[in-house]
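# A look at the structure
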Amino acid sequence: MKPTIVDAYRLMHDGALALARVEEAGICVDVARLDETIRDVGERIEGLESEQKSDEVWSAWRRRFGAKANMGSRDQLTKVVYDELGHKPEGTTRLGKRAKADVESLSKIDLPFVRRFLEVEKLKKLRSTYLMGVLREVVNGLLHPSFNLHLVRTYRSSSDSPNFQNIPIRDEEVGAMIRRCFVPRPGHVLVEIDYKALEFRVCACHWRDEAMVRYASDPALDIHRDMAKELYLLDGRCSKDEMKRARFHAKNSFVFATLYGSYWRNTSRSLWKNAVRLTAGGEPMQSWLEEQGIEGLGDQNSRKGSRPGTYGHHVESVERRFGERFPAWRDRKERWLELYRKRGWFKTMTGFVCSGVYSRNDLYNYPIQGPAFHCLLWSLIRLVRWLGKSGMRSRIVGQIHDSILADVHRDELADYVAEARRTMTEDIRSAWPWIITPLEVEVEVAEDNWFGKKVYELN
DNA sequence: CACTGGAGCCAC
DNA sequence: AAACGTGGCTCCAGTG
């Protein structure tokens, strides 16, 4: 009943065979459009770089570095902007070798030259990693990325040549330029099906905390929204859009961070930083929090702990209530650590035995991250087999941790969606009774290209 | 010339 | 004490 290590092996074996079929099928690429996009982006880069060359900052740069001046060097940029022009650095890189020169630090410098630098770097990343990276690997209009099962410590998958699992989507402009190059085959549509909140659901299944299972099961409940309300002291006053943005930060900076071992000193810092970009009832979030009696972030490094009236203190109390909300999680994670420390290994719900040296946070993360992907893999194996034996023209062409991308013949669309939905949400629960929450999927269909995917209503 | 580590950025 | 996690790719700057 409970998956054994033999089942785990079988999953990897069948998974490798299924993914080989996925790689073989390939994703259709509009090469003409890709070429055109590479040209356009190249021209934009050239234009911006010629503006840079007539900027006085570039003159200072040339004075300092002479023939070695390299416009793409962040190392040189920090020396010009911080040493020569006297701007204040935001801190140093991890190993303290030089001042930080990432987007977050540099965007605080109010100079046209620096703004253009960031724009150029963004476009260069798009051109070299994504546009050129895809073009280099296309064969006869098809892209065949590798999907690996043997490289990741958590028994997740990875992808390379090119990496199909990190194609931009968050930056809409960049996402559009690359994703418009991925197209369905003639007479087909692209169908992307992803699990909704898979990692949180698997988390609830692993810890078997009653309240967590309830949150993961009842569609009316939403842990990220509830934590956003507590973390930012929100009530009825904020708009839907404001709530959505606050929820996003609560989810990523608090809920997942806390479940995976972070705590208030770090989560409060990150939440406070994100608050700069939030509003509550039209008011800047930080001033809203000040009105609620929170004077500032507070000293995160104080050995004495958080000081009342600071945001750090507030997040510490939210964290404590988070533990009270999920008491079984709070207690079982301690026992989970003790058990590992005693015997040197742990087992995932999908049957994998992890033996070796793991940090505390690894112990919290691996048993969730791996099995969440295993749900996807189990479903993918079934679907690849089903497509093969039904003699269908549709093909699965990619996989991104909790989602499956397929190139589906129009005539097979309804069948494919029905089969995928049932496999991913029902069949898997019969095979794996450890899944004690419902599973849900979202289906999106793209008629023209991957960027244009639209939610497809399930009946 | 080949190789490497660091920094940074893209995704889940 | 420590301080969410997993990857891949590119460029720079340094090494031998």
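Residues numbered from 1 in each chain as written. Chains lettered and ligands numbered in written order. Predicted model: local features only at pLDDT ≥ 70, side-chain atom pairs only at ≥ 80, totals over all residues. Heavy atoms only, no water.

Negative charge collects at one region of the surface, where Asp 35, Glu 36, Asp 40, Glu 43 and Glu 46 lie side by side. Relative accessible area serves as the criterion here: at 35%, Asp 35 is assigned to the partly exposed category. (Patch = residues over 30% accessible without salt bridge, like charges linked within 9 Å, V, L, I, M, F, W, Y side chains within 5 Å. Areas by Shrake-Rupley, 256 points an atom, 1.4 Å probe, with all protein chains shown as cover. Salt bridge = Lys/Arg side-chain N within 4 Å of Asp/Glu carboxyl O. Lys, Arg positive; Asp, Glu negative; His and termini not counted. Charge placed at Lys NZ, Arg CZ, Asp CG, Glu CD. Buried < 20%, exposed > 50% of the residue type's maximum accessible area, 1.4 Å probe, protein only.)

Below, the discussion takes up the sheet that holds strand β10 (residues 395-399). The strands making up a sheet associate through backbone hydrogen bonding, with each pair oriented either parallel or antiparallel. If you trace the five strands from one edge of the open sheet to the other, you get β10-β11-β5-β12-β13, paired in antiparallel fashion. Where the open sheet ends on each side, the last strands, each with one partner, are β10 and β13 (454-455). Where strand β5 (residues 188-195) lies against strand β12 (residues 441-446), six bridges are found, and the strand directions are antiparallel. By the bridge assignment for β12, Asp 194 is matched with Glu 442. Along the sheet, helix α16 (residues 360-389) makes contact with β5, β10 and β11 (403-409), crossing β10 at roughly 160 degrees. (Pairing = 2+ DSSP bridges. Helix = DSSP H or I, 4+ residues; strand = E, 2+ residues; numbered from the N terminus. Contact = heavy atoms within 4.5 Å. Axes fitted to C-alpha atoms, helices over the stretch in contact; angles between N-to-C directions.)

Turning to the pattern of salt bridges, a few remarks are in order. Oppositely charged side chains may form a pair once their charged atoms are brought near each other. For the structure on display, the rule yields 38 salt bridges. For Lys 100, the salt bridge is made with Asp 102, and the minimal N-O distance between the two is 3.4 Å. A relative accessible area of 30% places Lys 100 in the partly exposed class. Across the pair Arg 214 and Glu 210 runs a salt bridge whose closest N-O atoms are separated by 4.0 Å. Here the residue Arg 214 and the residue Glu 210 both occupy positions in helix α9 (residues 210-217), the gap between them amounting to four residues, near one helical turn.

The subject of this paragraph is the environment of Leu 271. With respect to the helices and strands, the residue Leu 271 is situated in helix α12 (residues 264-275). Classification of Leu 271 as buried rests on a relative accessible area of 0%. The contact partners of Leu 271, leaving out residues within four places of it in the chain, are Leu 231, Tyr 232, His 249, Ala 250, Ser 253, Phe 254, Tyr 311 and Val 315.

In the neighbourhood of DNA strand B, 22 residues make up the surrounding shell, with Thr 93, Val 103, Asn 166, Ile 169 and Arg 170 lying closest. Atoms of DNA strand B within 4 Å of the protein belong to the sugar or the phosphate in 89% of instances, the rest to bases. Within the contact set of DNA strand B, a phosphate oxygen lies 2.8 Å away from a backbone nitrogen or oxygen of Ala 101. At a separation of 3.2 Å, a sugar or linking oxygen of DNA strand B approaches a polar side-chain atom of Tyr 130. (Near = heavy atom within 4 Å. Polar contact = N/O pair within 3.5 Å; in protein donor to acceptor, adjacent residues only side chain to side chain.)

Turning next to the protein's contact with DNA strand C. Lining the immediate surroundings of DNA strand C are 31 residues, of which Ser 73, Arg 136, Tyr 263, Asn 266 and Tyr 366 lie closest. Close to the protein, within 4 Å, the atoms of DNA strand C belong to sugar or phosphate groups at a rate of 72%. Asn 166 is positioned such that a nitrogen or oxygen atom in its side chain is 3.5 Å from a base nitrogen of DNA strand C. Taking Ala 257, its main chain carries an N or O atom lying 3.5 Å from a sugar or linking oxygen of DNA strand C. Secondary-structure elements contributing two or more residues to the surface near DNA strand C are α4 (74-84), α6 (112-137), β4 (158-160), α11 (240-259) and α16. In terms of residue count, the dominant contributor to the surface near DNA strand C is α16 (five residues). Tallied by class, the residues present in the surface near DNA strand C amount to six nonpolar, 18 polar and seven charged. (Nonpolar A, V, L, I, M, F, W, Y, C, P; charged D, E, K, R; others polar.)

It is worth spelling out empty space enclosed by the protein at this point. Empty space among the atoms can be located by rolling a probe the size of a water molecule over them. Using the criterion set out here, one finds one cavity of 30 Å³ or more in the structure. By volume, the largest cavity amounts to about 40 Å³. Around the largest cavity sit Glu 49, Gln 52, Met 71, Gly 72, Phe 117, Val 120, Glu 121 and Lys 124, which together line it. Counting only elements with at least two residues in the lining of the largest cavity, the list comes to α2 (31-53) and α6. Looking at side-chain class alone, the lining of the largest cavity contains three nonpolar, two polar and three charged residues. (1 Å grid on protein atoms, 1.4 Å probe; cavity = no way out; pocket = protein on both sides within 12 Å on 5 of 7 lines; lining within 4 Å. Points joined across faces, edges and corners; volume = space filled by probe spheres on them.)

Right, let's talk about the layout of surface pockets for a bit. Reported here for the second largest pocket is a volume of approximately 540 Å³. In terms of lining residues, the second largest pocket is bounded by 17 residues, among which Lys 2, His 206, Trp 336, Lys 347 and Met 349 are the most central. Every element with two or more residues in the lining of the second largest pocket is listed here: α8 (198-207) and α15 (327-343). For the lining of the second largest pocket, the leading source of residues is α15, giving five residues. Grouping the constituent residues of the lining of the second largest pocket by class yields nine nonpolar, two polar and six charged.

In the structure shown here, the tally under the stated rule is 23 aromatic pairs. Both rings, one in Phe 322 and one in Trp 329, keep their centres 5.4 Å apart while their planes meet at 75 degrees; by these two values the pair is edge-to-face. Like Trp 329, Phe 322 is buried. Seen in terms of ring centroids, Tyr 358 and Tyr 366 are 5.5 Å apart; in terms of plane orientation they differ by 80 degrees. Their pairing is edge-to-face. An identical accessibility class is assigned to Tyr 358 and Tyr 366; each is buried. Ring pairing ties together the aromatic residues Trp 207, Trp 336, Tyr 340, Phe 346, Tyr 358, Tyr 364 and Tyr 366, which thus form one cluster. Sitting over the ring of Trp 450, Arg 179 keeps its end group 4.0 Å from the ring centre. (Phe/Tyr/Trp six-rings, centres within 6.5 Å; stacked < 30°, edge-to-face > 60°. Lys NZ or Arg CZ within 6 Å of the ring centre and 35° of its normal.)

This brings us to the nonpolar core. In summary, soluble globular proteins display a tendency toward joint burial of nonpolar side chains. In this structure, Phe 182, Val 191, Leu 231, Tyr 232, Tyr 311, Ile 396 and Tyr 416 are the most contacted members of the largest nonpolar core, which totals 127 residues. When residues of this core are assigned to their parent elements, the largest contribution, 16 residues, is made by α16. Residues within four places of Val 191 in sequence aside, it is in contact with Ile 404, Leu 405, Ala 406, Val 408, Leu 413, Tyr 416, Val 417, Val 443, Glu 444 and Val 445. In terms of nonpolar packing, the next biggest core, distinct from the first, is built from 19 residues, Trp 61, Ala 69, Val 81 and Val 114 among them. (Core = buried A, V, L, I, M, F, W, Y, C linked by side-chain atoms within 4.5 Å.)

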